[in-house]
Amino acid sequence: MQIRTAQDAPGTVRTGALVVPVFSDGELSGPAKAIDTALDGAIADVLASGEIKGKLCELALIHAKGQPFQRVLVVGLGESAKFEPSMLARYAGAAVRYLGRRNVAEIAVALPPQAASNPIACASFAAEGAISGSFETTSYQEKPDKRMAVTSTTLLSHGLDPAAVETGANRGTIVGDAVNLARRFALTPANDMTPTHLANEATKIAKEVGIAIDVLDEARARAEKMGSFLSVAQGSAQPPKFIVMTYKGDPSSKELLALVGKGITFDTGGISLKPPDRMEEMKYDMSGGAGTIAAMYAIGKLKPKLNVVAIVPATENMPGGKATKPGDIVTAMNGKTIEVINTDAEGRLVLCDALCYAQKLGATKIVDTATLTGACVIALGHAASAVVGNNDAFIEQFVAVSKPTGERYWPMPLYDDYTSAMKSDIADLKNTGGRPAGTLTAGAFLKAFVDEKTPWLHLDIAGTAYLDNESAWQAKGPTGTPVRAFVSLVETLAGSPVVHTNGAAKATV
Ligand code: BES
Ligand code: MN
Ligand code: ZN
């Protein structure tokens, strides 16, 4: 998808379809009013007839004879007072999906009058949404059943600061491409998306954006004493890869943000084998790793003034002849011993070594992300990811910077009770804490591997990394969570936030 900007007035644009926003309340305004006048009240008619009410992502197509634009797609943005810039990602995404399925190749997207107060963020979201709306899920089909024909989206900056729209469009293009990269990785089936393939893809990205990459193979992981990570890998015929990408945006600073993503390219459960029902979804168990690598693509391109390292422990979790057995005791990089009660609680086993390695590299802040627990889906459904951590100010800051991106994170507690639940009778820790509060006992397990002076967050994205249902603006399947939040966090920590307005985001952690 090509994203361009143009200063033309909406009514003069030569395009396959002109996309204009309407609200569910008040009079027509901005581009909708101008086009309504050019079309003798056709937009007002659509609303007056009740065909659409202007709710978010409601759509109505009008063919426009004798105009430079062949069609007008009216797209609802909901109540005007509740407008938020991130809604423009859904607005543009819905337009691209609707028109893309109807064989329209080139579209022009008008922004609502509200964009004037925040043109960079608004243009960024519109570009991001147009790109993520164009995501194709048909690459394995001989004759794709659902085309996405839109190849070019022009954002109209008429009435806005054109330079700001250009800046926002460039950022949104990068974020949208990163989101789709994460989704592509997650969607790719596990026979293709092996740990080796993921490491190769990360290497390609690192080269493309000019950042450093180091892929530790099994021998090097062993030399680093990553006994917990390797205990998960030993049941698989696929060699594990421990992926480390480093971006130095502020070489004179000692600050280093570590982003850690679970990279289980397939989770069978291991010897504690999962039931077959929906097991195919466990190809998505590397979504955290995919989002982390994709975020590094965006960071490498956006060049914020911050040092960032991404760490993705990648392996399959398989029940091979050499697999870890329930009751086995393994030793993590920091010397702590773990009694493996359930080999299906493998995410924490790979993450704990990655957290240790992040600290070895000098991380001063750490955020990990993982499709870690089914319990998180029970707690929050598919509406939000859970966030826990060891530093309330950091949790608050993360919630504040992620909220305006459209990704949702909901804070949960890490009481000592959950830490107690992870005590083993014969090792330092065990890897499961029973059914109650499964997301939080998992969080408490990870917490034991982070120095308490290092601000750390854990994001459980089990319910948000992929969705069963498509929406007007998003294909079903992988969502690209947490790419948008990671980019926003990095920009904020670098002192160059783009999307947030909340004062809490500026809190010093
Ligand atoms: N990858 C799964 C968690 C998961 C489940 C993600 C469903 C997305 C959808 C994870 O490795 C796992 O199996 N967790 C276990 C932990 C339990 C054994 C303590 C779970 O949630 O059942
Ligand atoms: Mn598992
Ligand atoms: Zn898993």
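This structure is a prediction, so every number in the text was calculated from the model and none was measured. (Residues numbered from 1 in each chain as written. Chains lettered and ligands numbered in written order. Predicted model: local features only at pLDDT ≥ 70, side-chain atom pairs only at ≥ 80, totals over all residues. Heavy atoms only, no water.)

A.B. asks: So what exactly am I meant to see when it comes to the pairing of strand β18 (residues 456-460) here?
C.D. replies: Walk down a regular strand and you will see the side chains alternate between the two sheet faces. Among the five residues in β18, five count as buried, and that is most of the element. Every second residue of β18 is oriented toward a common face, with Trp456, His458 and Asp460 on one face and Leu457 and Leu459 on the other, all of them buried. Summarising the sheet, strand β15 (residues 385-389) and β18 pair through four bridges and their orientation is antiparallel. Across the sheet, glycine 389 pairs through a bridge with leucine 457, a residue of β18. (Buried < 20%, exposed > 50% of the residue type's maximum accessible area, 1.4 Å probe, protein only. Helix = DSSP H or I, 4+ residues; strand = E, 2+ residues; numbered from the N terminus. Pairing = 2+ DSSP bridges.)

A.B. asks: What is the right way to read the coordination of the zinc ion (ligand 3) from this model?
C.D. replies: Tetrahedral coordination by four donors sets the ideal angle at the metal to 109.5 degrees; octahedral coordination by six donors sets it to 90 or 180 degrees. In the first shell of the zinc ion (ligand 3), the protein supplies Lys262 (NZ), Asp267 (OD), Asp285 (OD) and Glu346 (OE), at 2.0 to 2.4 Å from the metal. Counting residues between consecutive donors of the zinc ion (ligand 3) along the chain gives the motif K-x4-D-x17-D-x60-E. Taken as a pair, the zinc ion (ligand 3) and the manganese ion (ligand 2) lie 3.1 Å from each other and share aspartate 267 as a ligand. Highlighted residues: lysine 262 in the loop between β9 (257-261) and β10 (263-267) and aspartate 285 in the loop between β10 and α9 (287-302), separated in sequence by 23 residues. Look at aspartate 285 and you get buried, because its relative accessible area is 2%. (Donors = N, O, S within 2.8 Å, 3.2 Å for Na, K, Ca; no water.)

A.B. asks: Is there a simple way to explain the site of ligand 1 in this structure?
C.D. replies: The environment of ligand 1 is made up of 16 residues, and the closest members are Lys274, Asp285, Asp344, Glu346 and Gly374. Aspartate 344 is positioned with one of its side-chain polar atoms (N or O) 2.8 Å from an oxygen atom of ligand 1. One of the backbone N or O atoms of threonine 371 is found 3.3 Å from a nitrogen atom in ligand 1. Contact with the protein chains hides 78% of the accessible area of ligand 1, taken as 510 Å² for the molecule alone. Of the residues assigned to the shell around ligand 1, the class counts are four nonpolar, five polar and seven charged. (Near = heavy atom within 4 Å. Polar contact = N/O pair within 3.5 Å; in protein donor to acceptor, adjacent residues only side chain to side chain. Areas by Shrake-Rupley, 256 points an atom, 1.4 Å probe, with all protein chains shown as cover. Nonpolar A, V, L, I, M, F, W, Y, C, P; charged D, E, K, R; others polar.)

A.B. asks: Would you take a moment to explain the coordination of the manganese ion (ligand 2) for this structure?
C.D. replies: Coordination of the manganese ion (ligand 2) by the protein involves Asp267 (OD), Asp344 (O), Asp344 (OD) and Glu346 (OE), with metal-donor separations of 2.1 to 2.2 Å. Here the manganese ion (ligand 2) binds six donor atoms, and the angle range of 71 to 167 degrees at the metal identifies the geometry as irregular. In primary sequence terms, the donor set of the manganese ion (ligand 2) follows D-x76-D-x1-E. Residue classification places aspartate 344 among the partly exposed residues on the basis of a relative accessible area of 22%. (Tetrahedral: all angles 85-135°; square planar, octahedral: opposite > 155°, others 65-115°.)

A.B. asks: Where do I start with the packing of helix α12 (residues 392-402) against helix α15 (residues 483-493) in this structure?
C.D. replies: Between two packed helices, both the angle of their axes relative to each other and the distance between the axes serve to describe the pair. Two elements in contact, α12 and α15, have axes separated by 9 Å at closest approach and are oriented at 115 degrees. Relative to α15, α12 is oriented roughly perpendicular. Crossing of α12 against α15: the hand is right-handed. When α12 is examined against α15, the residues Phe394, Gln397, Phe398, Val401 and Ser402 are found in contact with a partner set consisting of Ala485, Ser488, Leu489, Thr492 and Leu493. Within the contact of α12 with α15, the residues separate by chemical class into six nonpolar, four polar and no charged. (Axes fitted to C-alpha atoms, helices over the stretch in contact; angles between N-to-C directions. Parallel < 35°, antiparallel > 145°, perpendicular 65-115°, else oblique. Left-handed = near helix turned anticlockwise from the far one by under 90°. Contact = heavy atoms within 4.5 Å.)

A.B. asks: Explanation requested: the side chain of threonine 454 in the structure shown.
C.D. replies: Along the polypeptide, threonine 454 turns up in the loop between α14 (438-447) and β18. Taking the relative accessible area as the measure of exposure, threonine 454 reaches 12% and is therefore buried. Discounting chain neighbours no more than four positions away, the residues touching threonine 454 are Ala363, Thr364, Lys365, Ile366 and Asn390.

A.B. asks: What should I look at first to understand the packing of aromatic side chains in this one?
C.D. replies: Aromatic rings considered in pairs are described by the distance between their centres and by the relative angle of their planes. Evaluated as defined, the whole model comprises seven aromatic pairs. Aromatic side chains phenylalanine 23 and phenylalanine 83 sit 6.4 Å apart centroid to centroid with 80 degrees between the ring planes, which places their arrangement in the edge-to-face category. With phenylalanine 23 in the loop between β2 (17-22) and α1 (30-38) and phenylalanine 83 in the loop between β4 (71-76) and α3 (87-100), this residue pair connects regions lying 60 residues apart in the sequence. Its relative accessible area of 12% is what places phenylalanine 23 among the buried residues. For the pair tyrosine 415 and tyrosine 418, a centre-to-centre distance of 5.8 Å together with 40 degrees between the ring planes defines the contact as tilted. Relative accessible area serves as the criterion here: at 49%, tyrosine 415 is assigned to the partly exposed category. Tyrosine 418 gets classed as buried once you look at its relative accessible area, which sits at 16%. Pairwise contacts between aromatic rings join Phe229, Phe242 and Tyr357 into one cluster. If you follow arginine 102 out to its NZ or CZ, it ends over the ring of tyrosine 98, 3.7 Å from the centre. (Phe/Tyr/Trp six-rings, centres within 6.5 Å; stacked < 30°, edge-to-face > 60°. Lys NZ or Arg CZ within 6 Å of the ring centre and 35° of its normal.)

A.B. asks: Would you mind going over α12 with me for this structure?
C.D. replies: In an α-helix, one turn spans 3.6 residues; hence positions three or four apart end up facing the same way. Taken together, the buried positions of α12 are Phe394, Ile395, Gln397, Phe398, Ala400, Val401 and Ser402. Buried-residue contacts for α12 involve β14 (365-370), β15, β16 (409-411), β18 and α15. Capping the start of α12 is the job of one residue whose side-chain oxygen sits 3.1 Å from the backbone nitrogen of alanine 393: asparagine 391.

A.B. asks: Before we go on, may I ask you to explain the pairing of β10 in this structure?
C.D. replies: In terms of burial, β10 is largely enclosed, as five of its five residues are buried. Summarising the sheet, β10 and strand β11 (residues 307-317) pair through four bridges and their orientation is parallel. Counterpart to glycine 263 in the pairing with β11 is alanine 314.

Nothing here speaks to function; it is all geometry.
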